[in-house]
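Per-entry structural report
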Amino acid sequence: MSDDASRNILVLGASGLIGRYLTDDLRARGFGVVGVARHFMPAQQVSARDLELPVMAMDEAALAQLFRTHDVDVVVNCLGVLQDGPGSDTRVVHRDFVARLLAAIRDSGRAIRLVHISIPGSAEEDRTAFSTTKREAERLIAASGIAHAILRPGFVIAPAAYGGSAMLRALAALPFDLPAGEAATPFQPVAVDDLAATIAWLAARDVADEPVRAVTWDLMQPQPVSLGGVIAQFGRSFGTAKNVRIPSPSFLVDLGARLGDLASRLGWMPPLRSTAIAELRRGVTGDPAAWMEATGIVPKTIAQAVGERPATVQDKWFARLFLIKALIFASLVLFWVASGFIALVISYDAAAGILRAHNFPPALVGPVTVLTSLMDMSIGILIAFRRTAVFGLVAGIVASLGYMTGSAILTPDLWIEPLGALVKTGPAIVLMLVALLILDNR
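What comes next concerns the included structure. (Residues numbered from 1 in each chain as written. Predicted model: local features only at pLDDT ≥ 70, side-chain atom pairs only at ≥ 80, totals over all residues. Heavy atoms only, no water.)

**Topic: the sheet that holds strand 5 (residues 113–117)**
Under the convention used in this document: Pairing between strands requires that DSSP locate at least two bridges from one strand to the other. Strands here mean DSSP runs of E at least two residues long; helices mean DSSP runs of H or I at least four residues long; both are numbered from the N terminus. Inter-axis angles, ranging from 0 to 180 degrees, are taken between N-to-C directions of lines fitted to C-alpha atoms, where helices are fitted over the stretch in contact.
Spatially, 3-2-1-4-5-6-10 is the arrangement adopted by the seven strands of the open sheet, whose pairing is parallel. In this open sheet, the two edge strands, each paired with only one partner strand, are strand 3 (50–52) and strand 10 (214–219). When strand polarity is set aside, the average angle formed by the axes of neighbouring strands in this sheet is 15°. Relative to strand 3, strand 2 (residues 32–37) is paired through three bridges, and the arrangement is parallel.

As structure tokens, then:
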């Protein structure tokens, strides 16, 4: 291992799409990399140097001690949130944390280079809290006097998919097209390994190296490409490029964004939200000339980044299921809430009558009808919230099996009633199992 490669890098946000790839890639290049995140999925925590820490709650002193403990030479900040919501505050994450991070670097007593992952574009085009707070962080870094590199990657293409990158794969795999206006939006991509190569190049240089002591670079392919062109390239990888496609009207995109905003208030992180659509319509453009000249990196094109790794069956399944996942959860919430509400309010007499007709003890008919109806509605509400969705799905499966077993004992004739209500419970259980299996986002 060379002296340059022996430098220690700390990656903040090491559980995210970009952060996880950078952590693994830089380790493979020989750097000592500490990956830090609030939480890792079990499959992500592959090293003793993957640390779960309450990063956003750490003050300057705690961050400075972290840098000293691990002899950090380079800090890579990949932290970011798309939109304000429960547990997400763009100003806190993008601006306030960066202010503490800069203070911690100054107080650490170490010569540390900060590599900050930002967004392309100019301040004049910023319209959302996401972009304006990202730009505020850039201004703080530029004025700090600390050795830094502000990297503004275009649309990042990585082997994994999350958020917007997952949504574009889904659009490529399904027979739907974006509206013409959105499809024509300029959308310059960058391969995540070009981003990793850039950080490795920076990490191998001394912080006192004046030409790269303070730089701001756009990282993206120089060739113009549209959002529709990116989706078309994924379509070629999936083998769907020649399929018949149905154009979507713009109002459906806006409706989807509003529904996504509603889902975010329930703790979900859908890629289709008002901020995402605003940023999408703004486009992703920049000038990578300074980056290419300084580093000598020739960025991969979209065709190279996507085409060098043909889609596997896992990629195709994920892409086809990604947008359907929201429909699965919405239908299960509606199923449980509506069935409980109907039995409790609209058809209470009919629901109670079924129990009376099967010689159920009269004193228990009312309470059982009310309790089972409230239980059904509660299951739907639990599934609706991300934090309680697992519990709700498990409760729904248990309740469904209980209904089937109880009916087999107390009211077996319901199994052969013309509409097959109990028979249809089996597929509902399977759908809840599917929901459990595709619950993870990372």
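**Some remarks on the pattern of salt bridges**
Here is the rule: Salt bridge criterion: a side-chain nitrogen from Lys or Arg within 4 Å of a carboxyl oxygen from Asp or Glu. Buried residues are those whose accessible area, probed at 1.4 Å on protein chains only, stays under 20% of the maximum for their type, while exposed residues exceed 50% and partly exposed ones sit between those limits.
This structure, assessed with the given rule, holds 19 salt bridges. The closest approach of N and O atoms between Arg135 and Asp126, which form a salt bridge, is 3.0 Å. Taken as a pair, Arg135 and Asp126 share a single burial class, namely buried. Asp126 gets classed as buried once you look at its relative accessible area, which sits at 9%.

**Side note on unusual backbone geometry**
Phi at Asp71 takes a positive value of approximately 50°, unusual for a residue other than glycine. You can see Asp71 is positioned in the loop between helix 2 (60–69) and strand 4 (74–77). The class of Asp71 is partly exposed, set by a relative accessible area of 39%.

**Considerations on the side chain of Asp194**
Cut-off, in case you're wondering: When charges are counted, Lys and Arg are positive and Asp and Glu negative, with His and the chain ends excluded. Side-chain atoms alone can form a polar contact between residues adjacent in sequence; in general such a contact is a pair of N or O atoms within 3.5 Å, and within protein one must be able to donate a hydrogen while the other accepts it.
Locating Asp194 in the fold gives a position in helix 7 (residues 192–203). Despite its burial, Asp194 pairs with no opposite charge; the closest candidate is Lys300, at 5.7 Å N-O. Engagement of the side chain of Asp194 in a polar contact is seen with the backbone nitrogen of Lys300, the distance being 2.8 Å.

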